Amino acid sequence: MKFEVKSVTNFFKNIKEKFFTRHEKEHSEKYYKIVNILNSYSLIFHVFLAMFVVFLVELASRWDIIETFSFIFKSPLVYFYNSFIVFAALTLVYLFKRRAFVRILVSSFWVILGIINGIVLSNRVTPFGFADLTVLSDLMTMLKTYVSPFMAVCIILGVTAFIVFCSLFYIHGPIYKGKQSRLISLASILSVVFIAIPTTTTIAQQNNIVADYFTNIAQGYKDYGFVYSFASGVVNWGMDEPDTYEEDVINALMAAVESNKAVTTVTSENGPNIITVLLESFVDPNEFNFMTYSQDPTPFFHYLEQNYTTGHLTMPVVGAGTANAEFEILTGMKLQYFGTGEYPYKTILKETDCESIAADLKAIGYGTHAVHNNGGNFYSRVNAFSMMGFDSFTSKELMDITEFTPNEGWAEDSILAKEVMKTLTCTEGPDLTYVITVGQHGVYPEKAVIEEPYAEVYGLDSEEETNQWEYYMHQAHKTDLFMKELVTYLEALEEDTIVVFWGDHLPTMGLEDSEMASGDIYKTKYVTWNNFGLEKNDKDLYAYQLMADIFNQVGFHDGTMVAYHQTQMAQGLDKSDYQTYIDGIELLQYDILYGSRFCYNGEHKYPPTDIVMGIDEVIIEDMHISEEVENRLVIKGSGFTQWSRVYVNGSSVGTEYVSGNELMIHTKHVSDGITIVVNQVGSKSTIFRSSNEWTYVAPEETTETTETTESTETTEIETDVETDADQSVDNQDDTNN
């Protein structure tokens with residue numbers, strides 16, 4: 001036994017001595033020659049190394065060598081600029097004696113980011129950005145979403161191998177033995193980072209080599225390279241203070257608005273219900289000029305277009321970025337003033353409240369609600385909607401969803417009309433309800449997944465394209481049916497109501513301006529409906545103007561951004577006025593989100609709400625041992641969904657969803673006197689709402705007794721970050737956005 005222990009000890013000593021102990025040894029003359037050349041001409045070597053690293057990063061991001069070479073040769077200045085950023089990072093080696101080791105770390109850092117981006121882009125359209133790195137908890141959820149078990153094993157093995165390699169290289173790799181002045185090296189590095197890079201970036205932006213703002217994040221990464229795009233997201237964060245930002249300037253701006261705005265006639269007694277509906281990836285089929293179809297997929301949309309106010313809507317994004325589109329709609333603010341790829345929901349709204357149309361209407365007594373058939377934590381919406389003044393938020397976790405799309409398992413929009421009606425009937429006065437659909441979301445399959453699509457499409461180049469567009473048109477028809485169903489319900493409600501439906505962005509199908517009837521891939525359409533006689537008044541608008549215009553029609557003229565837009569638009573905006581107009585938007589936006597809130601006289605005017613998740617209560621009504629299914633406790637009640645989880649004595653147990661009125665758990669979790677609660681659970685195990693507590697009493701022969709206590713509503717607002725887990729279904733929230 002002593003011999004065996006000694007043998008094992010010696011084995012590990014030998015491993016340590018051989019692999020993890022540095023031994024100075026003589027190398028070949030060729031080895032020393034190569035090292036000397038690299039040290040003597042290290043800057044030149046770094047130039048070529050940086051170019052090679054950028055090539056690998058783009059190849060990893062695009063997964064297409066032809067597209068990678070196309071990027072390099074069509075945009076050589078962009079390629080060289082990206083290489084210069086990597087070159088600047090490589091200058092860090094001059095602070096260390098293990099220069100080769102640091103080169104490996106710096107180069108690997110960028111290549112690994114490129115690989116991560118490639119994995120992410122294989123599952124969603126938004127590239128991997130710095131915003132994703134700011135929330136480590138979400139990275140774990142993302143891994144579950146984007147990585148298959150086989151790929152996960154490959155990643156673990158790869159990371160392990162890389163760590164072992166780096167460890168061994170650190171121990172046995174070459175060490176620079178020449179003269180080294182860290183002070184001079186540090187000064188040189190700082191000059192590159194804080195002088196050369198900013199100067200080069202300014203020149204590149206001024207000459208349109210790269211852009212300082214991406215309206216389409218996905219396309220921006222493709223056009224301007226991953227390295228620049230990612231780095232831009234690191235340094236361009238939040239809003240810069242406008243040059244003219246001062247208290248007197250804001251006061252003068254607000255005084256001009258106050259003197260020119262109309263008087264609000266809407267009250268909590270006479271105001272109409274206002275419903276604004278985001279139609280995910282929805283575009284009027286007539287806008288596509290490169291194909292035809294067998295029948296109109298959206299007849300109700302076109303009925304509304306012909307009979308009620310409509311127009312084109314210029315969005316801040318295309319192909320992706322739903323949360324940023326809705327941010328402009330709800331706040332009247334411009335996304336352009338934020339950093340590259342930034343989602344305000346994930347950044348500034350984590351820290352501060354934000355005036356929105358919900359906060360404005362809540363101030364005069366409206367009920368304010370949001371409804372979305374996707375995860376509540378996705379885009380950090382629970383937190384964001386609280387910060388924006390919503391009273392309630394019904395996410396998918398609070399909906400009894402049983403129908404899903406055939407492509408990626410998104411919830412069908414047929415669930416939404418009834419959920420919207422719940423928000424209108426749960427209060428005595430008028431309501432604002434914001435609705436987000438998801439049924440038309442990509443990815444659009446190249447293989448036929450629908451046996452009988454609603455409309456056949458013609459004029460496309462391949463069967464794969466035809467399948468994609470027939471799927472898109474089929475889902476557009478379902479969206480149209482939802483719109484019609486909602487309006488039908490509203491007609492029966494007999495309350496004054498106005499609805500505005502609007503597309504958030506074009507689908508992710510590689511569309512170009514020339515393929516759109518509008519000539520602009522950033523334009524969607526909005527249509528309206530009302531039942532109290534508003535005149536049809538068509539006009540084209542920007543996203544941040546839409547709700548100000550709708551409020552103007554119904555007689556609401558308060559709210560900081562709403563009143564500002566209304567007074568400016570009333571004057572008629574020609575090109576000379578437009579710059580002054582958007583300068584005012586920037587000033588007010590900065591004042592509200594980052595400044596001293598001079599527009600509120602320094603007050604905390606719109607605090608966050610204690611948002612309630614869902615309208616319906618979750619109620620346990622009865623439970624008993626199943627007579628049909630062995631070893632199961634049946635829980636009867638109401639308000640159950642596929643995201644209901646049974647908690648026994650405060651701990652979650654495996655839950656089987658049967659219907660909106662029935663759940664089951666295994667009897668191994670059941671004993672006399674346990675306390676049972678049904679929780680509606682979102683990603684990261686966030687409990688959105690809870691049922692009444694039920695104390696289980698084991699039956700005596702055929703007798704069973706129970707005790708109930710008052711039901712509770714809980715909302716644990718997730719404040720660290722988004723990206724959404726109850727793995728299989730919840731992880732779907734993160735993909736393709």
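Above this text you will find the structure in question.
A. Structural context of the pairing of strand E18 (residues 675-681). With 6 of 7 residues buried, E18 is to be regarded as a mostly interior element. One ladder, built from 5 bridges, connects strand E14 (residues 644-648) with E18; its direction is antiparallel. Paired with Val646 across the bridge in E18 is Val678. Pairing of E18 with strand E20 (residues 694-696), which is carried by 2 bridges, proceeds in the antiparallel orientation. The residue of E20 that forms the bridge with Ile676 is Trp694. Direction of pairing for E18 relative to strand E19 (residues 687-690): antiparallel, over a ladder of 3 bridges. From the neighbouring strand, Gln680 faces E19, where its bridge partner is Arg689. Here E18 folds back onto E19, and the loop between the two strands holds 5 residues, one of which, Lys684, carries a positive phi near 55°.

B. How the structure looks around the packing of aromatic side chains. What the rule picks out here adds up to 39 aromatic pairs. Seen from their ring centres, Phe69 and Phe73 are 6.2 Å apart, and the 20° between their planes marks the pair as stacked. Note that Phe69 and Phe73 are positioned in helix H4 (residues 65-74) at a spacing of 4 residues, about one turn of the helix. Taking the relative accessible area as the measure of exposure, Phe69 reaches 37% and is therefore partly exposed. Residue Phe73 is classed as exposed on the basis of its relative accessible area, which comes to 64%. Through successive ring pairs, a cluster of aromatic residues spans Phe327, Phe338, Tyr345, Phe385, Phe390, Phe393 and Tyr434.

C. Broad picture of the pattern of salt bridges. The full count for this structure, using the stated rule, is 17 salt bridges. Here Asp616 ties to Lys422 by a salt bridge, and the two come within 2.6 Å at their closest N and O atoms. Of the two residues, Asp616 is situated in the loop between strand E11 (612-613) and strand E12 (619-625) and Lys422 in helix H18 (residues 416-425); the sequence distance between them amounts to 194 residues. The partly exposed category is assigned to Asp616, whose relative accessible area is 38%. For Lys422, a relative accessible area of 23% corresponds to the partly exposed category. Through salt bridges with shared partners, one network takes in Asp284, Glu287, Glu305 and Lys525.

D. Quick peek at the nonpolar core. In this structure, Trp110, Tyr345, Leu349, Phe385, Trp502 and Leu546 are the most contacted members of the largest nonpolar core, which totals 121 residues. Counting residues per element, this core draws most heavily on helix H5 (residues 76-90), at 9 residues. Residue contacts for Phe385: discarding those within four places in its chain leaves Glu326, Leu330, Tyr345, Ala370, Phe390, Phe393, Tyr434, Ile436, Thr609 and Ile611. Listed in part, the 32 residues of the second largest apolar core include Phe300, Ile401, Leu424 and Phe501.

E. Representation of the sheet that holds strand E16 (residues 656-659) within the structure. With antiparallel pairing, the 4 strands of this open sheet are ordered in space as E12-E13-E17-E16. Of all the strands in the sheet, just E12 and E16 have a single pairing partner and so form its edges. Shown here is a sheet whose adjacent strand axes are inclined to one another by a mean of 25°, direction ignored. As paired strands, E16 and strand E17 (residues 662-666) are joined by 3 bridges and run antiparallel to one another. By the bridge assignment for E17, Ser659 is matched with Glu662.

F. Geometry of the packing of helix H14 (residues 299-307) against helix H19 (residues 463-493). Where H14 meets H19, the closest approach of the two axes is 7 Å, and the angle between their N-to-C directions is 55°. It follows from the interaxial angle that H14 and H19 lie oblique. Between H14 and H19, the residues in contact are Pro299, Phe300, Phe301 and Leu304 and His477, Asp480, Met483, Lys484 and Val487, respectively. Residues of the contact of H14 with H19, tallied by class, amount to 6 nonpolar, 1 polar and 2 charged.

G. Here's a closer look at a nonpolar patch on the surface. Taken together, Ile37, Tyr41, Ile44, Val47 and Phe48 make up a surface patch of nonpolar side chains, about 510 Å² in accessible area. Here the nonpolar patch takes 3 residues from helix H3 (residues 42-62), the largest share from any one element.

H. View of the pairing of E14. Counting buried positions along E14 yields 5 of 5 residues, so the element is predominantly enclosed. Of the two faces of E14, the one holding Ser644, Val646 and Val648 and the one holding Arg645 and Tyr647 are both buried throughout. Where E14 folds back on strand E15 (residues 651-652), the antiparallel hairpin that results is connected by 2 residues, among which Asn649 adopts a positive phi of roughly 50°.

I. A look at the environment of Thr202. Inspection of the secondary structure assignment puts Thr202 in helix H10 (residues 182-206). Sequence separation between Thr202 and Asp212 is 10 residues; the distance between their C-alpha atoms is 9.1 Å. One polar contact links the side chain of Thr202 to the main-chain carbonyl oxygen of Pro198, over a distance of 2.9 Å.

J. Region of interest: helix H13 (residues 247-260). With 14 residues, H13 should cover 20 Å at 1.5 Å per step; its first-to-last C-alpha distance of 20 Å lies within 8% of that length. By the burial criterion, the buried members of H13 are Ile250, Leu253, Met254 and Val257. Buried residues along H13 cover an arc of 95° about the axis, so they all sit on one side. Facing away from the buried surface of H13 by more than 90 degrees, the exposed residues are Asp248 and Ser259.

K. A look at a negative patch on the surface. On the surface, a cluster of negative charge is contributed by Glu241, Asp243, Glu246, Glu247 and Asp248. Inspection of the secondary structure puts Asp248 in helix H13.

What counts and how
Residues numbered from 1 in each chain as written. Predicted model: local features only at pLDDT ≥ 70, side-chain atom pairs only at ≥ 80, totals over all residues. Heavy atoms only, no water. Buried < 20%, exposed > 50% of the residue type's maximum accessible area, 1.4 Å probe, protein only. Helix = DSSP H or I, 4+ residues; strand = E, 2+ residues; numbered from the N terminus. Pairing = 2+ DSSP bridges. Phe/Tyr/Trp six-rings, centres within 6.5 Å; stacked < 30°, edge-to-face > 60°. Salt bridge = Lys/Arg side-chain N within 4 Å of Asp/Glu carboxyl O. Core = buried A, V, L, I, M, F, W, Y, C linked by side-chain atoms within 4.5 Å. Contact = heavy atoms within 4.5 Å. Axes fitted to C-alpha atoms, helices over the stretch in contact; angles between N-to-C directions. Parallel < 35°, antiparallel > 145°, perpendicular 65-115°, else oblique. Nonpolar A, V, L, I, M, F, W, Y, C, P; charged D, E, K, R; others polar. Patch = residues over 30% accessible without salt bridge, like charges linked within 9 Å, V, L, I, M, F, W, Y side chains within 5 Å. Areas by Shrake-Rupley, 256 points an atom, 1.4 Å probe, with all protein chains shown as cover. Polar contact = N/O pair within 3.5 Å; in protein donor to acceptor, adjacent residues only side chain to side chain. Expected span 1.5 Å × (residues − 1). Arc of directions from axis to C-beta. Lys, Arg positive; Asp, Glu negative; His and termini not counted. Charge placed at Lys NZ, Arg CZ, Asp CG, Glu CD.

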